[in-house]
Amino acid sequence: MNALMIKGLLFAAVLIAATIYVVKSMNIDLSDPINIITIIGAIAIAGLTVGVAIKYINQMKTDTSGGKLADENWDGIGEYLNELPSGWAYSWLGTAIWAMWYMISGYPVNAFSQIGQYNEEVKAYNTKFEAVHKNADTATLQQMGESIFLVQCAPCHGTTGDGLSGKAHDFTTRMSKAQVLDVIEKGSNQLGYPMGAMPPMMATGQDAEDIAAYVAGGMKGEQPAAFAACASCHGADGKGMNGMAANIADYDEALITNVVKNGKKGALGTMPAFHDRMTPVQIKALATYIKTLKG
Amino acid sequence: MQSNAALEYDYSVAKLFTYTTILFGFLGMLIGTLIAAQLAFPELNYLLGEYGTFSRLRPVHTNTVIFGFTVSGVFATFYYVGQRVLKVSMAESKFLMFIGKLHFWLYFIGALLATISLLLGYSQSKEYAQYEWPIDVVIVVIWVLWGVSVFGLIGIRREKALYISIWYYIATFLGIAMLYLFNNMAVPTYFVSGGLGNIMHSVSMYSGTNDALVQWWYGHNAVAFGFTVPIVAMIYYFLPKESGQAIYSYKLSLLSFWGLMFIYLWAGSHHLLWSTVPDWMQTMGSVFSVVLILPSWGSAINMLLTMKGEWNQLTENPLIKFMVLASTFYMLSTLEGPIQAIKSVNAIAHFTDWIPGHVHDGVLGWVVFMIMAGLFHMAPRMFKREIYSKKLLEAQFWLQTTAVVLYFTSMWIAGITQGMMWRAVDEYGNLMYSFIDTVTVLHPYYAIRALSGVLYLVGFLMFAYNMYKTMTSSRELSEEPQFRSPMA
Amino acid sequence: MFHWLEKNPFFFAVGVFLVIAFAGLIEILPNFAEASRPVVGLKPYTVLELAGKEVYKKDACIACHSQLIRPFKAETDRYGQYSLSGEYAYDRPFLWGSKRTGPDLHRIGNYRTTDWHENHMWDPKSVVPESIMPAYKHQFTNIADLETAYAEAVTVKKVFNTPYDTPNGVKLGTWDEAKAAALDEAKKITADMKNQNVKDAVAAGNIPEIVALIAYLNRLK
Ligand code: HEM
Ligand code: HEM
Ligand SMILES: [Ca+2]
Ligand SMILES: [Ca+2]
Ligand SMILES: [Cu+2]
């Protein structure tokens, strides 16, 4: 090995090491076969290119050209009749054999189905995480909920759940006065509670103002008399009578489940429905996490 | 006519295309550098109002470097190399002279209109085929004119057997002609609807998955027949000519050529892995991509072996340096591409920055290096002056080499990281990273890439300046150099 | 044989052409017979949605966004059900893209809303503080080209038999009818928007690009 070779391979090694370092620092699981094959592929790219190129560049130093020249000559350019480099020819054969394997056994052209493979991936996933999910305690659920929230909900609610200055619901309090007033005025019939619809205009004028201020204030202090109109459904404590109507005092699982499944259109804007994109465990995790945001 | 008499070749068309190569190369890479900077520093999106966003400029970048710079370079070298290896001067045929000039001027006007149309937002939104139908028509005419030049020159040639470079130029002509026509098939809505709406607008002839298939049958091979085949044509002429060495092996040239032609076209579906095209087609794309390594490496190895025993040329002649490094980058990208085409690897690589990384190994390290080396070789012969400055050439070489290495290492790391982050799940099986996490982590790599763009662009300006001085004010030559290009 | 070809350019060119045309014949043509069938229930784009797709093409969102969800758990978790061939039957051109500088958008209509898009397109950093996506404020003033979108719908109906004007389907009608329908559709969208200039423009019968774009994005499901 001479200096050129060493420098070249060193470069390739540094590149690979840097890649693995960065990937590792992002907590990537390098036992995932896809990740592993990719890393091997990357090593092959850097190593083979550098190795082979330098082998030939070395020959510029050490070898001499020669061979039988062809008769033709174009603008002063001649052509030797040398044989094929054997490494090249055998590699061609090698890739052809690999190709056969890939078509017959790796991804058989007559049988492989990417959707079939996907179904198996999902099945394997479900078995792997079933246990974790079944026995999840509150702390686990909360962590799980946070990571789901950051991926799925943060683009609207913000990474801290503060609703990005009124662009979506602010989870650091329960509701703003404007939101409550809006519901009182318009009623609501979209979340899917057993109680069904909440009629509009249950309270008006100063009554509505008082109620809204009370609810937005976290239902502390003296309860306005007009709140009786609400208590019949939401309970005197505002907790929604065990899931019959919305809990307006706190976040609970019923509320999060109903909103995530059905979406919600309100004073601030529209929250999309996630239909079946969340599993019950994930929703429970979200609820557990969101409850902690109010502080 | 005496077939051995020294010929006075006519380089007027080659010169014209040389100018546009430099012009479009500069513009294209300037925009490339700007869009690279925009990803690192998004405020730069607002320099030119709605015409200056990353998204509006990206196709301007790709089209200017492909159809402006690269294609100009292909034409320039063809009008130079073609005459010489066919041993016939354009001056011998008034007709071909006329076609050549017409070819150039139509090309130049077409290129300007095309660029303006993209800036205004006229786009078919198919990669590398964005130009709307009126521009496509102009492009077809330009291509036909080039075909007339190619086959016209061949028709009046004195050299009976075609040199390897000519094989590759012919293949370039045929490949692009076939692919471009099929992929750009579209119905102009103005005429069908009886004169409603914008006359530039059209709808693609194919829809959905079929459109994707045709697009990437084209897209992959636009790369093949735009960034590979004609560049191989160049290296097969310029490297042996500049070095005075005979090509290492005819057999290797032959197998590489026909192997490349046959295999290239099958590989397009590697752009559609895990998409909705049938599974068997995807597998074919993967398989043929890997086999493709060999015919690609065949040409590169043939070139490296041609330089066997010529170490001193490598150290003394910067043009040889450019070409040897170009071969090496060609090897890098034609190994990297096939590996990215393996299904498991593509599951990560696709959609990430590793792909633009792969792209720019090829284009910056191979295409641009080869075109610049070719033009440098041509300049003393076309302008009858020596190359203005060897020092500048050396400096340019090291600057641009550094730039390419920075570009591809940063995008390599960025792409692999991002691809793996998208897949990562936490201990509970939920996605570990939000999308924006996978964007912010790329910032340092985007910044390095922008820096590499600046370095590369400065290198290109050094090239342009050196060429300009060579054309106008360096020492005149009394006779044409046979092999090595003289430089001060 | 090869050396003979090298001396006979015509046959050489024919040879090259045959060799390169071969793969296309085998790989691509057969698929045309099957791959363009729409999934059940798929409706063609409305004129307003087509105008929005034109904005998407004009501002080249495809430079950063894909519309293809691959069948991996990590992708279906992030973006929803993997994409099916038949969902793209009316896409001319297909807009799968090849780079995800931003997220996939094939089902964006499921999990983002009109008001969110309004905020985001005006200033992406207002909702995603670290976003590197450009703001597209000009879409709030530029007027969408409905007439060209209508011309496109007429063209695909005539030339490719795209099923417009079918019972329970998308009605196209005359240009005036189509324009009126697009305005109705636009008003429903602006009802969820805050930008007063946009609302005024629609009320006055001009549809800004942003409204058409949102119609298109909401339709991606
Ligand atoms: C100063 C040098 C250059 C810089 C800084 C540069 C930068 C860029 C950037 C930032 C992109 C967009 C990548 C993305 O969307 O993530 C891009 C794309 C591209 N560039 Fe360049 N570029 C340069 C030179 C060139 C040259 C000389 C060529 C061709 C001859 C070229 C061909 C391309 C192509 C084909 C793409 C599209 C890649 C894809 O879609 O995957 N670039 N370039
Ligand atoms: C054996 C040869 C090659 C093979 C098999 C190959 C394979 C590939 C693959 C698998 C992709 C990525 C597709 C994706 O997942 O998005 C790709 C992209 C690309 N390659 Fe190569 N590559 C080869 C050589 C080259 C060379 C030499 C160049 C340029 C000089 C090049 C330019 C490109 C470009 C421009 C793209 C981007 C296409 C896009 O816009 O998505 N490739 N190639
Ligand atoms: Ca086009
Ligand atoms: Ca691309
Ligand atoms: Cu390709």
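I will try to describe carefully the structure that is included in this document. Note that the structure is a prediction, hence the values are computed from the model and not measured.

**Focus: the overall build of chain A**
For step 1, the next point in the chain: Within chain A, the regular secondary structure consists of eleven helices and two strands.
For step 2, the next point in the chain: Across chain A, helices and strands are ordered from the amino to the carboxyl terminus as α-α-α-α-α-α-α-α-α-α-β-β-α.
For step 3, the next point in the chain: Computed over its C-alpha atoms, the radius of gyration of chain A comes to 33 Å, more than 25% above the 19 Å expected for a compact globule of 295 residues.
For step 4, the next point in the chain: Projecting the C-alpha coordinates of chain A onto the three principal axes gives extents of approximately 110 × 40 × 40 Å.
For step 5, the next point in the chain: Within the span of chain A, comprising 295 residues, buried residues form 43% of the whole.
For step 6, the next point in the chain: Across chain A, every contact between residues at least 6 apart in sequence was considered, and the portion connecting residues at least 24 apart equals 49%.
For step 7, the next point in the chain: Just so you have it, chain A exposes about 15,200 Å², and 60% of that area is on carbon and sulfur atoms.
For step 8, the next point in the chain: In chain A, 21 side chains carry a positive charge and 26 a negative one; their mean positions are 4 Å apart.

**Re the coordination of the iron atom of ligand 1**
All names here are of chain B.
For step 1, the next point in the chain: Every protein donor of the iron atom of ligand 1 is accounted for by His 61 (NE2) and His 360 (NE2), and the metal-donor separations fall at 2.0 Å.
For step 2, the next point in the chain: Of note is the iron atom of ligand 1, whose six donor atoms meet at the metal with angles of 87 to 179° in an arrangement that counts as octahedral. Of the two residues, His 61 is situated in helix α2 (residues 54–86) and His 360 in helix α14 (residues 354–383); the sequence distance between them amounts to 299 residues.
For step 3, the next point in the chain: For His 360, a relative accessible area of 14% corresponds to the buried category.

**Structural notes on the site of ligand 2**
For step 1, the next point in the chain: Residues in contact with ligand 2 amount to 26 residues; listed here are only the nearest, B:Glu127, B:Tyr128, B:Asn346, B:His350 and B:His358.
For step 2, the next point in the chain: At the site occupied by ligand 2, the surrounding residues belong to chains B and C.
For step 3, the next point in the chain: Taking B:Tyr128, its side chain carries an N or O atom lying 2.6 Å from an oxygen atom of ligand 2.
For step 4, the next point in the chain: Between ligand 2 and C:Ser98, the relevant distance is 3.2 Å, taken from an oxygen atom to a side-chain nitrogen or oxygen of the residue.
For step 5, the next point in the chain: Of all the elements in the fold, those that place two or more residues in the shell around ligand 2 are α7 (208–243), α12 (318–340) and α14 of chain B.
For step 6, the next point in the chain: No other element matches the six residues that α14(B) contributes to the shell around ligand 2.

**What to know about the coordination of the calcium ion (ligand 3)**
All names here are of chain B.
For step 1, the next point in the chain: At 2.1 to 2.8 Å from the calcium ion (ligand 3) lie its protein donor atoms, namely Gln 124 (OE1), Ala 129 (O), Tyr 131 (O), Asp 136 (OD), Asp 136 (OD) and Asn 184 (OD1).
For step 2, the next point in the chain: If you look at the calcium ion (ligand 3), its six donor atoms make angles of 49 to 172° with each other, and the shape they trace is irregular.
For step 3, the next point in the chain: Donor residues for the calcium ion (ligand 3) sit on one chain with the sequence pattern Q-x4-A-x1-Y-x4-D-x47-N. Tyr 131 shares its class with Gln 124; the two are buried.

**Things to note about the site of ligand 1**
For step 1, the next point in the chain: Near ligand 1, the surroundings consist of 27 residues, among which B:Arg58, B:His61, B:Glu127, B:His360 and C:Lys99 are the closest.
For step 2, the next point in the chain: Taken together, the residues near ligand 1 originate from chains B and C.
For step 3, the next point in the chain: Taking B:Tyr128, its side chain carries an N or O atom lying 3.3 Å from an oxygen atom of ligand 1.
For step 4, the next point in the chain: C:Lys99 is positioned such that a nitrogen or oxygen atom in its side chain is 3.0 Å from an oxygen atom of ligand 1.
For step 5, the next point in the chain: When residues of the shell around ligand 1 are traced back to their parent elements, those giving at least two are α1 (12–40), α2, α14 and α17 (443–472) of chain B.
For step 6, the next point in the chain: Among the elements that line the shell around ligand 1, the one with the most residues is α14(B), at seven residues.

**A word on the interface of chain B and chain C**
For interface size, the figure often reported is the accessible area lost on association.
For step 1, the next point in the chain: Taken together, the contact pairs 96 residues of chain B with 82 residues of chain C.
For step 2, the next point in the chain: The contact between chain B and chain C buries some 7,800 Å² in all, and 68% of this surface belongs to carbon and sulfur atoms.
For step 3, the next point in the chain: Taken together, chain B and chain C are joined by two salt bridges.
For step 4, the next point in the chain: Here C:Asp59 and B:Arg56 are joined by a salt bridge, their closest N and O atoms 3.0 Å apart.
For step 5, the next point in the chain: There are 29 residue pairs in polar contact (both at pLDDT 80 or more) connecting chain B and chain C.
For step 6, the next point in the chain: Among the elements that line the side of chain B that touches chain C, the one with the most residues is α7(B), at eleven residues.
For step 7, the next point in the chain: Among the residues forming the side of chain B that touches chain C, the class breakdown is 54 nonpolar, 31 polar and eleven charged.

**Looking at the packing of aromatic side chains**
For step 1, the next point in the chain: Under the counting rule described, the total for this entry stands at 81 aromatic pairs over all chains.
For step 2, the next point in the chain: A centroid spacing of 4.8 Å and a plane angle of 85° characterise the contact between A:Tyr107 and A:Phe112, whose relative ring orientation is edge-to-face.
For step 3, the next point in the chain: Its relative accessible area of 10% is what places A:Tyr107 among the buried residues.
For step 4, the next point in the chain: Considering the side-chain rings of B:Phe78 and B:Trp146, the 5.7 Å spacing of their centres and the 90° angle between planes classify their relative orientation as edge-to-face. Taken together, the positions of B:Phe78 in helix α2 and B:Trp146 in helix α4 (residues 133–155) put the pair 68 residues apart, joining distant regions of the chain.

**Side note on the packing of helix α3 (residues 94–119) of chain B against α4(B)**
Residue and element names in this part refer to chain B.
For step 1, the next point in the chain: Packing of α3 against α4 leaves a shortest axis separation of 9 Å and a crossing angle of 155°. It follows from the interaxial angle that α3 and α4 lie roughly antiparallel. In this structure, α3 meets α4 at a crossing whose hand is left-handed. Within the contact between the two elements, α3 uses Phe 95, Leu 96, Ile 99, Gly 100, Leu 102, His 103, Leu 106, Tyr 107, Gly 110, Leu 113, Ala 114 and Ser 117 and α4 uses Ile 135, Val 138, Val 141, Ile 142, Leu 145, Trp 146, Val 148, Ser 149, Gly 152 and Leu 153.
For step 2, the next point in the chain: Here the residues of the contact of α3 with α4 are counted per class, giving 16 nonpolar, six polar and no charged.

**Quick notes on the interface of chain A and chain B**
For step 1, the next point in the chain: Taken residue by residue, the interface counts 76 residues in chain A and 84 residues in chain B.
For step 2, the next point in the chain: Surface buried jointly by chain A and chain B totals about 7,300 Å² across both partners, of which 71% is contributed by carbon and sulfur atoms.
For step 3, the next point in the chain: Our count for the chain A to chain B interface comes out at five salt bridges.
For step 4, the next point in the chain: A salt bridge links B:Lys241 to A:Asp75, with the shortest nitrogen-to-oxygen separation between them at 3.6 Å.
For step 5, the next point in the chain: Run the count over chain A and chain B and you get 30 residue pairs in polar contact (both at pLDDT 80 or more).
For step 6, the next point in the chain: Going through the elements one at a time, α1 (3–25), α2 (33–62), α3 (86–106), α4 (114–134) and α5 (138–157) of chain A are the ones with two or more residues in the side of chain A that touches chain B.
For step 7, the next point in the chain: Examining the composition of the side of chain A that touches chain B, we find that 19 residues originate from one element, α2(A), more than from any other.

**Focus on the pattern of salt bridges**
For step 1, the next point in the chain: In this structure the tally under the stated criterion is 31 salt bridges over all chains.
For step 2, the next point in the chain: Taking the shortest distance from any N to any O, the salt bridge between C:Asp192 and A:Lys265 comes out at 2.9 Å. Of this pair, C:Asp192 sits in the loop between α10 (175–191) and α11 (196–203) while A:Lys265 sits in strand β1 (residues 264–265), which puts the two residues in different chains.
For step 3, the next point in the chain: On the accessibility criterion, C:Asp192 (24% relative accessible area) is partly exposed.
For step 4, the next point in the chain: The class for A:Lys265 is partly exposed, based on a relative accessible area of 47%.

**Overview of the environment of A:Thr127**
All names here are of chain A.
For step 1, the next point in the chain: Note that Thr 127 resides in helix α4.
For step 2, the next point in the chain: For Thr 127, a relative accessible area of 55% translates into the label exposed.
For step 3, the next point in the chain: Along the backbone, Thr 127 and Thr 64 are 63 residues apart, and their C-alpha atoms lie at a distance of 63 Å.
For step 4, the next point in the chain: A polar side-chain atom of Thr 127 sits 2.8 Å from the main-chain carbonyl oxygen of Lys 123.

**Points about the side chain of B:Thr18**
For step 1, the next point in the chain: By secondary structure assignment, the location of B:Thr18 is in helix α1.
For step 2, the next point in the chain: Each residue touching B:Thr18, except ones within four places of it in the same chain, is listed here: B:Ala76, B:Leu375, B:Met378, B:Met382, B:Met467 and B:Met471.

**A closer look at unusual backbone geometry**
For step 1, the next point in the chain: Following C:Arg92, the chain continues into C:Pro93 via a peptide bond in cis, with omega recorded as 0°.
For step 2, the next point in the chain: Mapped onto the elements, C:Pro93 comes out in the loop between α5 (73–79) and α6 (108–111).
For step 3, the next point in the chain: In this structure, A:Asp75 takes a positive phi of about 50° despite not being glycine.
For step 4, the next point in the chain: Locating A:Asp75 in the fold gives a position in the loop between α2 and α3.
For step 5, the next point in the chain: Phi is positive for B:Tyr128, close to 65°, though the residue is something other than glycine.
For step 6, the next point in the chain: Along the chain, the position of B:Tyr128 falls in the loop between α3 and α4.
For step 7, the next point in the chain: For B:Tyr128, a relative accessible area of 18% translates into the label buried.

Scoring rules and cut-offs
- Residues numbered from 1 in each chain as written.
- Chains lettered and ligands numbered in written order.
- Predicted model: local features only at pLDDT ≥ 70, side-chain atom pairs only at ≥ 80, totals over all residues.
- Heavy atoms only, no water.
- Helix = DSSP H or I, 4+ residues; strand = E, 2+ residues; numbered from the N terminus.
- Rg over C-alpha atoms; globule rule 2.2 N^0.38 Å.
- Buried < 20%, exposed > 50% of the residue type's maximum accessible area, 1.4 Å probe, protein only.
- Contact = heavy atoms within 4.5 Å.
- Areas by Shrake-Rupley, 256 points an atom, 1.4 Å probe, with all protein chains shown as cover.
- Lys, Arg positive; Asp, Glu negative; His and termini not counted.
- Charge placed at Lys NZ, Arg CZ, Asp CG, Glu CD.
- Donors = N, O, S within 2.8 Å, 3.2 Å for Na, K, Ca; no water.
- Tetrahedral: all angles 85-135°; square planar, octahedral: opposite > 155°, others 65-115°.
- Near = heavy atom within 4 Å.
- Polar contact = N/O pair within 3.5 Å; in protein donor to acceptor, adjacent residues only side chain to side chain.
- Buried area = accessible area lost by both parts, 1.4 Å probe.
- Salt bridge = Lys/Arg side-chain N within 4 Å of Asp/Glu carboxyl O.
- Nonpolar A, V, L, I, M, F, W, Y, C, P; charged D, E, K, R; others polar.
- Phe/Tyr/Trp six-rings, centres within 6.5 Å; stacked < 30°, edge-to-face > 60°.
- Axes fitted to C-alpha atoms, helices over the stretch in contact; angles between N-to-C directions.
- Parallel < 35°, antiparallel > 145°, perpendicular 65-115°, else oblique.
- Left-handed = near helix turned anticlockwise from the far one by under 90°.

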